[in-house]
Amino acid sequence: MSGVFIAGSGMYVPSNIVTNDDMSKIVETSDEWISQRTGIRERRFSQGESNYFMGSVAARQAMDAAEVTGKEIDMIIATTCTPDYFYPNLACIVQGEIGAGNAFCWDLNAACTGFIYALDVAQHYLAMGKKNVLIVSSEVMSKQLDFTDRSTCVLFGDGAGAVVIKASDGMYASYLKSDGGNAKSLVSRALKTQGMFATDKDNPKYNKYEENSGHFIKMDGKDVYRFAVKAMTEAIGGACKNAEIDVSQLDLIIPHQANLRIIEAAAKRGGVSMDKIYANVSKYGNMSSACIPICLSELQEAGRLKRGDKLGLVGFGAGLTYGAAVLEW
Ligand code: ACO
């Protein structure tokens with residue numbers, strides 16, 4: 001069996017709703033600018049909820065929906081670019097919280113494409129005999145926001161999504177790519193070399209990605225926009241080709257929720273009607289790798305998916321990374 005079956009999904013978003021009008025009290029912006037350029041109307045910001053707390057709530061919900069206990073989980077992959085700690089990894093912390101003592105646990109960072117990369121890794125392990133894989137995608141993007149930079153701080157939000165996946169004999173195919181040559185378009189730096197031993201730490205020879213931005217997100221919005229439209233069209237087309245289906249045969253496409261204009265432009269470029277695309281970016285903004293599993297959880301909760309529906313999941317993000325997976329619900 002080389003398909004994957006999403007047996008259950010779950011999500012957590014902080015209760016703290018921050019509207020565009022609220023953002024306009026922090027930076028010089030307006031509801032009109034943000035909603036017209038991005039489709040975002042509000043987002044959730046953590047009021048102290050940690051990344052692992054949000055991920056563990058989402059994980060428990062996914063396990064309940066899948067009727068799987070912690071002990072039955074073989075592997076946990078956590079995707080995050082906003083972890084609480086360098087170590088222990090997020091997956092191990094979630095393991096402790098949910099009592100998944102039989103699992104091995106590791107984190108995967110492909111920024112906003114993380115969930116799709118993790119799904120593909122999980123599919124390989126399931127095809128080799130694992131029974132239940134938990135993917136937890138949790139992001140506290142607000143930690144990385146520069147609230148003096150209006151071109152980035154209005155775009156992001158916090159949230160976590162999770163799924164329990166099993167093997168199936170249904171359709172599955174993927175298309176995953178990276179473009180590290182353009183890594184500089186979207187950067188959030190980690191720790192700098194310590195001054196004590198570093199005599200030449202600001203030499204660009206050693207760090208051409210240094211943007212002098214602290215750990216805040218630095219983005220060339222126009223570059224990322226152009227990349228995203230092209231990458232999403234290429235990836236969903238590639239995954240469908242690998243599955244030997246036409247994009248028109250997909251019942252629903254769930255894209256990474258960065259910006260409604262990017263989603264609409266990619267749909268137009270790929271000849272896909274917006275009726276076939278799920279978007280919730282207006283409520284949450286960009287929650288990086290958590291976006292797609294949160295969409296899945298909302299769709300499952302609303303009873304909008306039937307078993308056998310053909311789904312296309314497609315994303316892009318820092319790295320630059322991009323990819324798509326097609327599967328049967
Ligand atoms: N409010 C009001 N004005 C603003 C704001 C704001 N929040 N932000 C920027 N502006 C201003 C700019 O300063 C500029 O003013 P100027 O012309 O006087 O210099 C003007 O608006 C136009 O700015 P642009 O950057 O040209 O606006 P654009 O139409 O390109 O939209 C945006 C910017 C929304 C960021 C767009 O480029 C975009 O969506 N890019 C992709 C971003 C994205 O998807 N990132 C996600 C990647 S993160 C991830 O998923 C890993």
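In case you missed it, the structure is sitting above this.
How each quantity is defined
Residues numbered from 1 in each chain as written. Predicted model: local features only at pLDDT ≥ 70, side-chain atom pairs only at ≥ 80, totals over all residues. Heavy atoms only, no water. Helix = DSSP H or I, 4+ residues; strand = E, 2+ residues; numbered from the N terminus. Rg over C-alpha atoms; globule rule 2.2 N^0.38 Å. Buried < 20%, exposed > 50% of the residue type's maximum accessible area, 1.4 Å probe, protein only. Contact = heavy atoms within 4.5 Å. Expected span 1.5 Å × (residues − 1). Polar contact = N/O pair within 3.5 Å; in protein donor to acceptor, adjacent residues only side chain to side chain.

Engineer: Explain the overall build of the protein chain to me, please; I cannot follow it from the model alone.
Structural biologist: Helices and strands together make up the secondary structure of the protein chain, namely 10 helices and 13 strands. Its C-alpha radius of gyration of 19 Å places the protein chain within 12% of the 20 Å reference for a compact globule of 329 residues. Taking the principal axes of the C-alpha coordinates as reference, the protein chain spans close to 55 × 45 × 40 Å. Looking at the protein chain residue by residue over its 329 residues, the buried ones come to 56%. Within the protein chain, counting contacts between residues at least 6 apart in sequence, those at least 24 apart form 79% of the total.

Engineer: Looking at this model, I keep getting lost on helix 3 (residues 51-66). Mind explaining?
Structural biologist: Counting along an α-helix, one turn takes 3.6 residues, and residues three or four places apart therefore face a common direction. Taking 1.5 Å of rise per residue, 16 residues should cover 22 Å, and helix 3 covers 22 Å from first to last C-alpha, within 8% of that figure. When helix 3 is considered as a whole, its buried residues turn out to be Asn51, Met54, Gly55, Ser56, Ala58, Ala59, Ala62, Met63 and Ala66. Buried residues belonging to helix 3 abut strand 1 (3-12), helix 4 (90-98), strand 6 (133-140) and strand 7 (158-168). Of the residues flanking the end of helix 3, it is Glu67, one or two places downstream, whose phi is positive at about 55°.

Engineer: What am I meant to see in the side chain of Thr321 here?
Structural biologist: Within the element layout of this structure, Thr321 appears in strand 13 (residues 321-328). The class of Thr321 is buried, set by a relative accessible area of 7%. Engagement of the side chain of Thr321 in a polar contact is seen with the side chain of Thr113, the distance being 2.7 Å. Beyond its immediate sequence surroundings of up to four residues, Thr321 is in contact with Ala110, Thr113, Tyr117, Lys177, Ser178, Phe227 and Phe316.

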